[in-house]
Amino acid sequence: MSTAAFTELHTLRDFLRYAVSRFTAAGLFFGHGSDNAWDEAVYLTLHTLHLPLDSLEPFLDARLLPDERSRLLDIYSRRCQERLPAAYLTQEAWLGEDRFYVDERVIVPRSFIAELLDEQLAPWVDAPWAVEQALDLCTGSGCLAIKLALNFPHAQVDAVDLSPDALDVARRNIADYQLSRRVHPIHSDAFAALSGKRYDLIVSNPPYVDAQSVAALPPEYRHEPEMALGSGEDGLDFTRVLLAEAKKHLTENGLLIVEIGHNRATLEAAYPTLPFTWLDTAAGDEYVFMLRAEDLPG
């Protein structure tokens, strides 16, 4: 801890300026909830001081107690020295208005599918209340499975992951949302443990980073489970499994929704006859595709 920082910084405004300077000088990478040093500093500061995350302005010139200053300097230091994503430091991540517990057993939630679920997949799903069975494959923290349950009120949701550690985190989040009767964690390698099950909706944010990109990932990403990131040389190994096996696990009018990162061109080249529908998200229309059961092979 810097003695000068402890004695010379007094207000929230002082500490935010200091944090931005530290983060910028350290060359931190931002991609787990914020995309710049200021937003990251604001989030870590408000969270650490137990202040509302949407109410910075009233507190900017508040003077801080010695214990508060110590805690802020500690979390800034950890962010710079350990290169931990902010979500692992605070053990929380947000998707839209929903908060989820996270730690290093799971990837930090950041799926474009979340916003589509908050819109109940309109216009592709006409009757959200008619969705009875849904699957979140590669559930991680359980965030998309929980969003499925919140937005499709009659659905029973299976939350599937290969990692027992990830499923432990998912169970905690499911319990936090009091959804244990509707969201069911299942240990499975893809569809292996789902024999005979069919779903109205299958969503998946699978590993999709290609080998070259995995090798170049910033340190922040290397704290995440490796199995949740890379998926073969071109990033599509798991997506190929989905496309080969999803049809027999969908109902007649079922939908498959999959996030594939920056792999649209590679995917379309590998499957030139599949009629992918690319869904609009805040980031654009190249990251999430939809296929109907009738269009899938198998």
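From a predicted model like this one, the values you see are computed outputs, not experimental measurements.

> Now, about the packing of helix H3 (residues 37-48) against helix H4 (residues 66-82): what can you tell me, with residues and values included?
Running from amino to carboxyl end, H3 crosses H4 at an angle of 140°, the nearest separation of the two axes being 10 Å. Comparing the axis directions of H3 and H4 gives the class oblique. When you trace H3 past H4, the crossing you get is right-handed. For the pair H3 and H4, contact is made by Glu40, Leu44, Thr45 and Thr48 and by Arg71, Leu72, Ile75, Tyr76 and Arg79, respectively.

> With reference to specific residues and values, describe the nonpolar core.
In terms of nonpolar packing, the biggest core is built from 37 residues, with Phe15, Phe23, Leu44, Leu56 and Tyr76 touching the most fellow members. Contributing elements (two or more residues each) for this core: helix H2 (12-26), H3, H4, helix H5 (86-90) and helix H8 (164-176). Apart from the residues within four sequence positions on either side, phenylalanine 15 is in contact with Leu9, His10, Leu64, Arg69, Leu72, Leu73 and Tyr76. Ala114, Ala149, Phe152 and Met290 belong to the second-largest nonpolar core, a separate cluster that totals 31 residues.

> I'd love a proper account of the pairing of strand S7 (residues 250-259), names of residues and values included.
Of all the 10 residues making up S7, seven are buried; the element is thus mostly covered by neighbouring parts of the structure. Summarising the sheet, strand S6 (residues 199-204) and S7 pair through five bridges and their orientation is parallel. The residue of S7 that forms the bridge with isoleucine 202 is leucine 256. One ladder, built from five bridges, connects S7 with strand S9 (residues 288-292); its direction is antiparallel. Among the inter-strand pairings, leucine 256 is bridged to a residue of S9, identified as leucine 291.

> Just give me the short version of the pattern of salt bridges, but keep the residues and values in it.
Taken as a whole and assessed by the stated rule, the structure comprises 17 salt bridges. For glutamate 224, the salt bridge goes to arginine 110, with nearest N and O atoms at 2.8 Å. Taken together, the positions of glutamate 224 in the loop between helix H9 (211-215) and helix H10 (237-245) and arginine 110 in the loop between strand S2 (98-100) and helix H6 (113-118) put the pair 114 residues apart, joining distant regions of the chain. Across the salt bridge formed by arginine 264 and glutamate 268, the nearest N and O atoms sit 3.3 Å from each other. Placement of both arginine 264 and glutamate 268 in helix H11 (residues 264-270) is noted, with a separation of four residues, approximately one turn of the helix. Overall, arginine 264 belongs to the partly exposed group, its relative accessible area being 24%. You can call glutamate 268 partly exposed: its relative accessible area is 31%. Here the salt bridges do not stand alone but share partners, grouping Glu40, Arg79, Arg83 and Glu220 into one network.

> Quick one: what's the story with H4, residue by residue and with numbers?
Structural remark: α-helix, 3.6 residues per turn; residues separated by three or four positions point the same way. If you check H4, its first and last C-alpha atoms are 24 Å apart, about what 17 residues at 1.5 Å a residue would give, namely 24 Å. Considered for burial, the residues of H4 that qualify are Glu68, Arg69, Leu72, Leu73, Ile75, Tyr76, Ser77, Arg79 and Cys80. Directly beyond the C-terminal end of H4, a positive phi value near 55° is found at arginine 83.

> Describe the sheet that holds strand S5 (residues 183-187), listing the residues and the values that go with them.
Judged by pairing direction, the sheet is mixed, and its seven strands sit side by side in the order S5-S4-S3-S6-S7-S9-S8 without closing on themselves. Both outer strands of the open sheet, S5 and strand S8 (277-278), are each paired with one neighbouring strand and no more. Taken together, the two bridges between S8 and S9 define a ladder with antiparallel strand orientation. Counterpart to tryptophan 278 in the pairing with S9 is phenylalanine 289. Set on the sheet, H8 makes contact with strand S4 (156-161) and S5; between it and S5 the angle comes to about 170°. Set on the sheet, H10 makes contact with strand S3 (133-137), S6, S7 and S9; between it and S9 the angle comes to about 20°.

Calculation notes
- Once a new chain begins, its residue numbering starts again from 1 and follows that chain's sequence as written.
- Confidence filtering applies because this is a predicted model: local features only for residues at pLDDT of at least 70, side-chain atom pairs given and counted only at 80 or more, and all residues used for totals across whole chains, interfaces and linings.
- The side-chain numbers reported here are obtained from all heavy atoms of the structure, hydrogens and water having been left aside.
- In this analysis an axis means a line fitted to C-alpha atoms, helices contributing only their contacting stretch, and an angle means the value between N-to-C directions, from 0 to 180 degrees.
- Going along the chain from the N terminus, every DSSP run of H or I of four or more residues is numbered as a helix, and every run of E of two or more is numbered as a strand.
- Roughly parallel covers angles under 35 degrees, roughly antiparallel covers those over 145, roughly perpendicular covers 65 to 115, and oblique covers all other angles.
- In this scheme the crossing of two helices becomes right-handed for a clockwise turn of the near helix relative to the far one and left-handed for an anticlockwise turn of less than a right angle.
- The contact rule is simple, with two residues in contact once any of their heavy atoms fall within 4.5 Å.
- By nonpolar core we mean a set of buried residues, namely Ala, Val, Leu, Ile, Met, Phe, Trp, Tyr and Cys, connected to one another through side-chain atoms within 4.5 Å.
- Buried means the residue's accessible area, taken with a 1.4 Å probe over protein chains only, is under 20% of the maximum for its type, while exposed means over 50%, and partly exposed covers the values in between.
- The rule for pairing is simple: two strands pair if DSSP sees at least two bridges between them.
- Here a salt bridge means any side-chain nitrogen of Lys or Arg lying within 4 Å of a carboxyl oxygen belonging to Asp or Glu.
- Expected helix span is computed as 1.5 Å times (number of residues minus one).

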